[in-house]
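# Results of the structural survey
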Amino acid sequence: MLDIGVIMPELVKYGGAERFIIECVTRWQKKHRITLYSTRFAKDILREHGVNEDVKLIELSPYFEGPHAMFLNAGLLPKVWECEIGAHDVYQTNLCPTHLIDVHPVVWCPHEPSRMIYDLKYDQPYSPHNQKTNIHVYPKHTYDTIEGDMHQPYAKAAIFLDKLIAADTIVANSRFGAAYLENVYNRKVSAVVYPGVNLDDFLHMPPDENILLTVGQLWPHKRIKLIIEAVKYIDDVQLYVVGNGPERDRLKEAAYKLGISDRVFFLEGLTNHEVQILFARCLAVVFTPIREPFGIVALEAMAAGRPLIGVNEGGFTEVVDSSCAFLIPPSPHAIVEKVRYLIDNKHVAREMGAAGLEKAREYTWDRTADTLMSIIERTHGEWKKKNKKRKAPVVKERKKTLFGAHYYCWYGDGLGASHWNDNLEKGGVTDMPTMGYYASSYGVTIENHFEIMEGAGVDFAILNLHLDYGGYNDYELASIKNILSIAKDKDSPLRFAVNLCLYDFREEDLEEVMGIINRDLAGADHYLRLNDKPVIFIFWTGLLDGSKRHADLLDKSCSGFIKIANSLRLNAKDEDKKTFGLFDGFSLYSPLELIAEKNWEKLWQKSYETSVQNDGIRVVTISPGYDDSHLKDDEREDNTYRVVARNNGKTYARMIEFVLSQETPPHMVAITTFNEYHENTHIEPSVAHGTLYMDMTRDFILKGRKKWDGR
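Residues numbered from 1 in each chain as written. Predicted model: local features only at pLDDT ≥ 70, side-chain atom pairs only at ≥ 80, totals over all residues. Heavy atoms only, no water.

### A closer look at the side chain of Glu 300
For the record, the criterion: Here a helix means four or more residues in a row that DSSP labels H or I, a strand means two or more in a row labelled E, and each is numbered from the N terminus. For each residue, the accessible area found with a 1.4 Å probe, counting protein chains only, is set against the maximum for its type, and the residue is called buried under 20%, exposed over 50%, and partly exposed in between. Any two residues having at least one pair of non-hydrogen atoms within 4.5 Å are treated as being in contact.
Along the chain, the position of Glu 300 falls in helix α9 (residues 297-303). Look at Glu 300 and you get buried, because its relative accessible area is 8%. With sequence-adjacent residues up to four places away left out, Glu 300 is seen in contact with Arg 19, Val 197, Phe 202 and Phe 279.

### Quick notes on the packing of helix α13 (residues 443-456) against helix α20 (residues 692-708)
Convention followed: Here, axes are lines fitted to C-alpha atoms. For helices the fit covers the stretch in contact, and angles between N-to-C directions go from 0 to 180 degrees. Angles are sorted into four bins: roughly parallel if under 35 degrees, roughly antiparallel if over 145, roughly perpendicular if 65 to 115, and oblique for all others. Put simply, Ala, Val, Leu, Ile, Met, Phe, Trp, Tyr, Cys and Pro go in the nonpolar bin, Asp, Glu, Lys and Arg in the charged bin, and everything else, Gly too, in the polar bin.
Packing of α13 against α20 leaves a shortest axis separation of 8 Å and a crossing angle of 40°. Between α13 and α20, the angle falls in the class oblique. Across the interface between the two elements, Ile 452, Gly 455 and Ala 456 of α13 pack against Met 694, Thr 697, Arg 698 and Ile 701 of α20. Its residues assigned to classes, the contact of α13 with α20 shows four nonpolar, two polar and one charged.

### Overview of the pairing of strand β8 (residues 144-147)
Selection criterion: Here a strand pair is declared whenever DSSP counts at least two bridges between the two strands.
Side chains of β8 alternate between two faces, with Asp 144 and Ile 146 buried and Thr 145 and Glu 147 left unburied. Sheet topology note: the strand β7 (residues 132-135)/β8 ladder contains four bridges and is antiparallel. Paired with Asn 134 across the strands is Thr 145, a residue of β8.

### Notes on the sheet that holds strand β11 (residues 211-215)
The sheet built from six strands is open, its strands ordered β13-β12-β11-β14-β15-β16 with parallel pairing. Each edge of the sheet is formed by a strand with only one pairing partner; in this case those strands are β13 (264-267) and β16 (325-328). The sheet shows a mean angle of 20° between the axes of neighbouring strands, taken without regard to direction. Here β11 pairs with strand β14 (residues 284-287) via two bridges, running parallel. Bridge pairing links Leu 212 to Ala 284 in β14. On top of the sheet, helix α10 (residues 332-344) reaches β11, β14, β15 (308-311) and β16; it is set at about 160° to β16, its chief contact.

### Focus: the pairing of β15
Spelled out, the test is: The handedness of a crossover follows from its direction of travel: if, with the strands pointing away from the viewer, the path from the first strand over the helix to the second runs clockwise, the crossover is right-handed.
A two-sided burial pattern is seen for β15, the buried positions comprising Leu 308 and Gly 310 on one face and Ile 309 and Val 311 on the other. Summarising the sheet, β14 and β15 pair through three bridges and their orientation is parallel. Across the sheet, the residue bridging to Phe 287 is Gly 310, located in β15. For the segment spanning β14, α9 and β15, crossover handedness is right-handed.

### What to know about the environment of Ser 623
Counted only if it meets this: Polar contact criterion, stated in full: a pair of N or O atoms within 3.5 Å, where within protein one must be able to donate a hydrogen and the other to accept it, and residues adjacent in sequence count only if both atoms are side-chain atoms.
For Ser 623, the location among the structural elements is in the loop between β25 (619-622) and β26 (626-627). Judged by its relative accessible area of 2%, Ser 623 is buried. Distance from Ser 623 to Thr 673, taken between C-alpha atoms, is 6.7 Å for residues 50 residues apart in sequence. Only 3.4 Å separates the side chain of Ser 623 from the backbone oxygen of Gly 625, close enough to count as a polar contact. Reaching out from Ser 623, the side chain makes a polar contact with the backbone oxygen of Thr 672 at a distance of 2.6 Å.

### Considering helix α4 (residues 151-162)
Selection rule: The span you would expect from a helix comes to 1.5 Å times its residue count less one.
End to end, α4 covers 16 Å across 12 residues, agreeing with the expected 16 Å (1.5 Å per residue, within 8%). Each element contacted by the buried residues of α4 is listed here: α3 (69-84), β7, β8 and α5 (175-185).

### Points about the nonpolar core
Stated formally: Only buried Ala, Val, Leu, Ile, Met, Phe, Trp, Tyr and Cys residues count toward a nonpolar core, and they belong to the same one when joined by side-chain atoms within 4.5 Å.
Phe 496, Leu 510, Met 514, Ile 517, Met 668 and Phe 700 are the most contacted members of the largest nonpolar core, which totals 85 residues. Apart from residues lying up to four places away in sequence, Phe 700 is in contact with Phe 403, Ile 622, Ile 656, Val 659, Leu 660 and Val 669. Residues Val 25, Ile 45, Ala 369 and Leu 372 belong to the second largest nonpolar core, which totals 35 residues.

What follows is the structure, encoded as C-alpha cells:
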C-alpha cells in the first residue's frame, strides 16, 4: 500500500481533467491510502462518483485575486501550496501550476500546459475602450483582468516561472499533448495515458431527433460560436450547449443576433443522468476547440453511440477515425455540410454511432487508472532506489532504548518577552540559560540546542504544543516547523515528536491542530516514528478522566499515531474506565511531585511497570528537581511538593541510578525537561547550574546504551 498525495487546483466540476482524477481515485482508494488536495471541493460530486470517506480531503489556499493575480498564481501560489501539503510516499499532481510544487517523488499529469502564455497568448479577450485584457488561467472559472500594457510583461514572467518544473515523471493524455509539452518544457514525456469512459453511464436510443449537442466550458478557445453560427444555416435543428463560463452571455447574445435564440439552449448544473439523456436524444455531438490536448467529449460521444463532428486538430483525433467521426476544418460551413448529411442519412448516423461504441470499449477508466498507477509505482520505486544512500531515520523500531527530553518552544526574544518573566503568575523564571534569554523560533537558538542535545547523545525531543479555548499556540507551532526544517537542512540525527498539551479546548480546534500535525509535521523526515508510525505525546492532567467522548475524539483525531500519555498522575487500576484504551504508553510527566522522598523508588517502579499500554511502549521519566515556589498561580497552592531540591545533582543521580537498575530495558527515557525554566526542571546549561546536568545526561545515556543495547 502506498500513501499517495493527489493534488488538483480545483475539484468543483466534472470536467475532463477533474473526471480523470476522480475516476482514478475511486479505483486507487481500494488499494492505497489517498489524500486529495485542492483549493475547493464539490463533495457531492466526489460522493456521486464513488470517492469514499477513507480519502482525506485537505483544502489548499485559494487563488489570488486582484490586479496581480496572474503573476501571483503562476509563481507564488504553488509555493504556498507546497507548505500546506503533508508528507506522502509519492505525489500525483495535475494541471498547472502544480508542477512547481517541490515534493518528491512526483508524477505530473499536465492535461495541458498554461496555454494562455503559449499558443493561446494572442487569443485572450481585449477591451480597447478600457485597455484591459482578460486572461483565462485554467482551471479557474473566471478571468484574471490585466490593465494597460502589463499583459506581455506578466506573460514573460509567467513563462520564466513555468519552466522551473519540479516533476520527476511527466504523463500526457495524448501523443499530440506529449509533443506539445516536450516542445514547451524541453522535458521528455514518459508516457501517454488516455482518459477513459464509463459505457454503462450512457443510454442508447435511435438518433431520430435533429438535435446537436456540444459539451464544454464556455471560453473563447472552445469556439462554441462556430457551432452557433452553423445552426443559423440549418433549418429545424436545435443546439444544446451544456457548460458554463464567462463567455456564456456573449454566446447567448450571438444566438439572439443571429435570430436563432429559440433554437439554441444553454444548460448548466445538470446531473449526470440529465446529460446522458441529452446524449441519447441528439443526432450528433459537435466539438470544435482550438488544439485541444485531448477532449473527453469525443469518447463520450462514442460511448453514447453518436457520431462526432469535430475539428481535425487536437489529441482526441487519435482515438476516432472515419468510421465514427467527421473531422473537419474549423468553419461553420463545414459543420453545416456534415449536419445536413446526417439529417438526410439517419442510417449513417446509426452506423457511425455503433462503430464509435465499439471503439469506446477500448478506453475504460480501469485501464486508465491501472496504467497511471503503474507509472506512479515505478516512479516511487526508482526514487527510493536512487535515494537509498540517504541517511535513514534513526528511530524506526523499538529494538533499542531511545533517550529524549521535553523541549519548550514558547520563549520570546529577551527578558520580559513571552515566558521570560513576562508575568508573576505563570511566566516567572529564576535562572538564565548561558546563551541568554533566547527566542525559541530563531534559527540560532535551534541550532545551538541541536548542538547541545546531539553532543549529549539525545535521540529525540518532545516538542510541547499547547491547545486551549483560544486555539493552538501559533508561536509554538511556528517554532516547531522551524525545528523540523532546520533538522532536515542540517541532517541532524535528532528526531522530534509533538506533545499536545490539552486544556479547555473546542472539538473543532483539536480537529484543526491535528490536521496541521498530520499535514505539516508527522510526515517530515525528522519526525519521530516507532514501527513506522508517527508518535504523539498527550499531556494528561486527569481533567478528562472518565470522558468517553473526549477519549474517542482524541483516538479518532490521532488515528495512525502511537499515543503516549505524559500524565500528572499514576496509571490507575481502572485505567480502562478513565482513558478507555486511548494510550499505547503511559509515562509520568513529573515523577518528583507525587510522593514523599522516602517513597520515590517505590512510586517510580510502579509507574515503570504500568507504563506499557496497548502497543507495548515502556516509558520511564527522570528529572533533576522541581521548584515553582516563585510563581503566584493560585492553582499551584495545593501542591504539597512545590520544591524538590536538586541537591547539586544528587536528585538527578538518584533517578538515573533507578533507571539503570532496571533489567527490563525501557523503550523510551523521557527527561523532564530540557528547558522548562518556570518550574526549574531544566537541564540546559544555565547560569545557576553550568553544564552539570548535560554532563550527567551524557554519561547516563552512554551507560544506558552499554547496558541495554551493547553500544
